[in-house]
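# Analysis of the macromolecular model
Spelled out from the first residue to the last, the chains are:
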Amino acid sequence: MLGDAALATSSNSSAASAASTTAAPAPSVRAPPEAEEVVTVPASRVGKLLGPRGAVIQLIRDDTRAAVDVDKAADGTATVTITGASEAVLVAKRVVTRIAESDLL
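Residues numbered from 1 in each chain as written. Predicted model: local features only at pLDDT ≥ 70, side-chain atom pairs only at ≥ 80, totals over all residues. Heavy atoms only, no water.

### Side note on the overall build of the protein
In terms of helices and strands, the protein carries 4 helices and 3 strands. Written out in order from the N terminus, the α and β elements of the protein read α-β-α-α-β-β-α. Expressed as a percentage of the 105 residues in the protein, the buried residues total 24%. Summarising the internal contacts of the protein: among those between residues at least 6 apart in sequence, 60% fall at separations of at least 24. By element, 57% of the accessible surface of the protein is carried by carbon and sulfur atoms, the whole surface being about 7400 Å². (Helix = DSSP H or I, 4+ residues; strand = E, 2+ residues; numbered from the N terminus. Buried < 20%, exposed > 50% of the residue type's maximum accessible area, 1.4 Å probe, protein only. Contact = heavy atoms within 4.5 Å. Areas by Shrake-Rupley, 256 points an atom, 1.4 Å probe, with all protein chains shown as cover.)

### A word on the packing of helix H2 (residues 43-50) against helix H4 (residues 86-101)
Between H2 and H4, the shortest axis-to-axis distance is 8 Å and the interhelical angle comes to 130°. It follows from the interaxial angle that H2 and H4 lie oblique. Considering the relative orientation of H2 and H4, their crossing is right-handed. Contacts between H2 and H4 involve Arg45, Lys48 and Leu49 from the former and Val96, Ile99 and Ala100 from the latter. Each residue belonging to the contact of H2 with H4 can be placed in one class, and the counts come to 4 nonpolar, no polar and 2 charged. (Axes fitted to C-alpha atoms, helices over the stretch in contact; angles between N-to-C directions. Parallel < 35°, antiparallel > 145°, perpendicular 65-115°, else oblique. Left-handed = near helix turned anticlockwise from the far one by under 90°. Nonpolar A, V, L, I, M, F, W, Y, C, P; charged D, E, K, R; others polar.)

### Re the pairing of strand S3 (residues 78-85)
Pairing of strand S1 (residues 34-41) with S3 involves 8 bridges; the strand directions are antiparallel. Across the sheet, Glu36 pairs through a bridge with Thr83, a residue of S3. Sheet topology note: the strand S2 (residues 67-72)/S3 ladder contains 6 bridges and is antiparallel. Its bridge partner being in S3, Asp69 is matched across the sheet by Thr81. Connecting S2 to the antiparallel partner S3 that follows it, the hairpin turn spans 5 residues, and Gly76 within it adopts a positive phi of roughly 95°. (Pairing = 2+ DSSP bridges.)

### Re the sheet that holds S1
In a beta sheet, neighbouring strands pair by backbone hydrogen bonds and run either parallel or antiparallel. Taken in spatial order, the 3 strands make up an open sheet running S1-S3-S2, and their pairing is antiparallel. The strands lining the two open edges of the sheet, one partner per strand, are S1 and S2. The average angle at which neighbouring strand axes cross in this sheet is 15°, direction not considered.

### Details of the confidence of the model for the protein
With 67% of its residues at a pLDDT of 70 or more, the protein has an overall mean of 81. Per-element mean pLDDT across the protein ranges from 51 in helix H1 (residues 2-22) up to 97 in helix H3 (residues 55-64). (pLDDT = per-residue confidence, 0-100.)

### A word on the environment of Asp63
One can find Asp63 in helix H3. Here Asp63 falls in the exposed class, since its relative accessible area comes to 60%. Sequence separation of Asp63 and Ala88 is 25 residues, and the distance between their C-alpha atoms is 8.9 Å.

Set out below in structure tokens:
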């Protein structure tokens, strides 16, 4: 009986040893430089920026991979804070600004 217990302990420790030796350290991944831009959107354009059920703002987030947060103010305007990689922030700001300034959408 003692032999069975010793065998089980021996096989468990070799499995644990094998698992610890096969696990490679996580690669060092450097995050892209963060950037932030703030855009104020007039009250008359907030609905167009958000879109039906938030579809437009979500599309901007998905397409640019930037974080886009919209805070509505009491006067109906919105402050849009865009953060992420520099290029993503630049593109998202351009899209938000076009929506904010456009009479066509």
